[in-house]
Amino acid sequence: RHRRAGVSLKVSGQINRAVMFVNDANDNSAFNFVDNDASSTRIRWDASAKVSDSTTVGSRLEMEMESNTSAAAVLNGNAGGNAFVARHAYVYVKGSFGTITTGQQGEATEGLLHSSFNYASLAGVNPEDTAVANAGAAFVSFGDGGRQDAIRYDTPNFGGAKASISARDNGDVTAAIRYSGKMGGIGVLAALGYEENVGGDPLYAGSFGIDFGPIALNGSFADELDDNNDDRFPIR
């Protein structure tokens, strides 16, 4: 971390290498020396500066490097990867009014389906529509916005609740509301979001986590409405 003339710069990141052993059960085997694709090698620069007693401006630049990705491990050599790819590249202004961010960043619905106290993750879910299922669609990220070039606004935190809205550079809008806190001594995480898919149909999705202490309950859902407002492709 470096601070000069009121500007703070923090450099951080990770190196996440792994060794994979691959065998095809036909006497063919190999070792692969890879980057973990689930959480790749990366480096980030975070800069911030106060422009008034209540307002801060800042930026994040985060780059990913996978010299040999675990997502494409093969028996006969290097799987390939990427040299230097941008994950985040945005600037923001933050104050009592909330936070306004522009650039490549997580959409308002990023992480929406992962409200969980025990790091539970989603399995792949195929849609009920046969044509879509045959096309190989899986709803692992259904309703769970990723990183996009967008402008985003996040409200301040109100008693554990906050709302977000973002618009991509193609005009598509996503919005979400989240809560994190306790109710009657029970831990609660909840998220509910909206987005419009490529076909123009509205999509609603959300998740929740309830922490009872020795056990936790988690759930997620997503539902797309067609032009006639009939339910399609629900996750159950």
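Every value quoted in this text rests on a predicted model; they were computed, and no experiment measured them. (Residues numbered from 1 in each chain as written. Predicted model: local features only at pLDDT ≥ 70, side-chain atom pairs only at ≥ 80, totals over all residues. Heavy atoms only, no water.)

## Here's the deal with the overall build of the protein chain
Turning to step 1, where the next piece is worked out: A count of helices and strands for the protein chain gives one helix and 15 strands.
Turning to step 2, where the next piece is worked out: When burial is assessed residue by residue, the protein chain has 33% of its 236 residues classed as buried.
Turning to step 3, where the next piece is worked out: Considering only contacts within the protein chain whose residues lie at least 6 apart along the sequence, 48% involve residues at least 24 apart.
Turning to step 4, where the next piece is worked out: If you sum the accessible surface of the protein chain, you get close to 13,600 Å²; carbon and sulfur atoms cover 54% of it. (Helix = DSSP H or I, 4+ residues; strand = E, 2+ residues; numbered from the N terminus. Buried < 20%, exposed > 50% of the residue type's maximum accessible area, 1.4 Å probe, protein only. Contact = heavy atoms within 4.5 Å. Areas by Shrake-Rupley, 256 points an atom, 1.4 Å probe, with all protein chains shown as cover.)

## Re the pairing of strand β3 (residues 17–23)
Regular strands place their side chains on alternate faces of the sheet.
Turning to step 1, where the next piece is worked out: Of the pairings in the sheet, the one linking β3 to strand β4 (residues 29–35) comprises seven bridges and is antiparallel in character. Paired with Ala18 across the strands is Val34, a residue of β4. (Pairing = 2+ DSSP bridges.)

## Thoughts on the confidence of the model for the protein chain
Turning to step 1, where the next piece is worked out: Put simply, the protein chain has an average pLDDT of 81, and 78% of its residues get 70 or more.
Turning to step 2, where the next piece is worked out: For the protein chain, the element scoring lowest by mean pLDDT is helix α1 (residues 130–134), at 46; strand β8 (residues 98–106) scores highest, at 96.
Turning to step 3, where the next piece is worked out: Per-residue pLDDT stays below 50 along residues 130–141; that stretch engages in 17 contacts with residues further than four places along the chain or on separate chains.
Turning to step 4, where the next piece is worked out: Across residues 232–236 the pLDDT falls below 50, and counting only partners more than four positions away or on other chains, this stretch makes 21 contacts in the model. (pLDDT = per-residue confidence, 0-100.)

## A closer look at a nonpolar patch on the surface
Turning to step 1, where the next piece is worked out: Among the surface-exposed residues, Val19, Phe21, Phe31 and Phe33 lie close enough to one another that they form a single nonpolar patch of about 470 Å² accessible area.
Turning to step 2, where the next piece is worked out: At the level of secondary structure, the elements contributing two or more residues to the nonpolar patch comprise β3 and β4. (Patch = residues over 30% accessible without salt bridge, like charges linked within 9 Å, V, L, I, M, F, W, Y side chains within 5 Å. Salt bridge = Lys/Arg side-chain N within 4 Å of Asp/Glu carboxyl O.)

## Things to note about unusual backbone geometry
Turning to step 1, where the next piece is worked out: Of note, Ala25 is a non-glycine position whose phi angle comes to about 65°, a positive value.
Turning to step 2, where the next piece is worked out: Its place among the elements puts Ala25 in the loop between β3 and β4.
Turning to step 3, where the next piece is worked out: One non-glycine residue with positive phi stands out, namely Asp27, at about 65°.
Turning to step 4, where the next piece is worked out: Here Asp27 shows up in the loop between β3 and β4.

## Some details on the packing of aromatic side chains
Turning to step 1, where the next piece is worked out: For the structure on display, the rule yields two aromatic pairs.
Turning to step 2, where the next piece is worked out: Taking 5.2 Å as the distance between ring centres and 55° as the angle between the ring planes, the aromatic pair formed by Phe21 and Phe31 counts as tilted. Linking Phe21 in strand β3 with Phe31 in strand β4, this pair joins segments that are ten residues apart in sequence.
Turning to step 3, where the next piece is worked out: On the accessibility criterion, Phe31 (55% relative accessible area) is exposed.
Turning to step 4, where the next piece is worked out: Ring geometry for Tyr194 versus Tyr204: centroids 5.5 Å apart, planes at 55°, classification tilted. Of this pair, Tyr194 sits in strand β12 (residues 186–196) while Tyr204 sits in strand β13 (residues 202–211); the two residues are ten residues apart in sequence, bridging distant segments of the chain.
Turning to step 5, where the next piece is worked out: Note on Tyr194: relative accessible area 27%, which makes it partly exposed. (Phe/Tyr/Trp six-rings, centres within 6.5 Å; stacked < 30°, edge-to-face > 60°.)

## Here's the deal with the pairing of strand β14 (residues 216–225)
Turning to step 1, where the next piece is worked out: Bridge analysis of β13 against β14 gives nine bridges, and the strand direction is antiparallel. The residue bridging Leu203 from the neighbouring strand is Glu224, located in β14.

## A short note on the nonpolar core
Turning to step 1, where the next piece is worked out: Counting residues in hydrophobic clusters, the biggest one holds six residues: Leu112, Leu113, Ala176, Ala191, Ala205 and Ala222.
Turning to step 2, where the next piece is worked out: What Ala191 contacts, discounting residues up to four positions off in sequence, is Leu112, Ser115, Ile177, Arg178, Ala205, Gly206 and Ser207. (Core = buried A, V, L, I, M, F, W, Y, C linked by side-chain atoms within 4.5 Å.)

## Regarding the pattern of salt bridges
Turning to step 1, where the next piece is worked out: Counting across every chain of the model gives eleven salt bridges.
Turning to step 2, where the next piece is worked out: Here Glu195 makes a salt bridge to Arg168, at a shortest N to O gap of 3.8 Å. Placement of the pair is Glu195 in strand β12 and Arg168 in strand β10 (residues 161–168), with a sequence separation of 27 residues.
Turning to step 3, where the next piece is worked out: Overall, the relative accessible area of 16% leaves Arg168 in the buried class.

## Quick notes on the side chain of Ser115
Turning to step 1, where the next piece is worked out: With respect to the helices and strands, the residue Ser115 is situated in the loop between β8 and α1.
Turning to step 2, where the next piece is worked out: The buried category is assigned to Ser115, whose relative accessible area is 12%.
Turning to step 3, where the next piece is worked out: Side chain to side chain, Ser115 and Ser207 meet in a polar contact 3.0 Å long.
Turning to step 4, where the next piece is worked out: When sequence neighbours within four positions are dropped, the list of residues in contact with Ser115 reads Leu189, Ala190, Ala191, Ser207, Phe208, Gly209 and Asn218. (Polar contact = N/O pair within 3.5 Å; in protein donor to acceptor, adjacent residues only side chain to side chain.)

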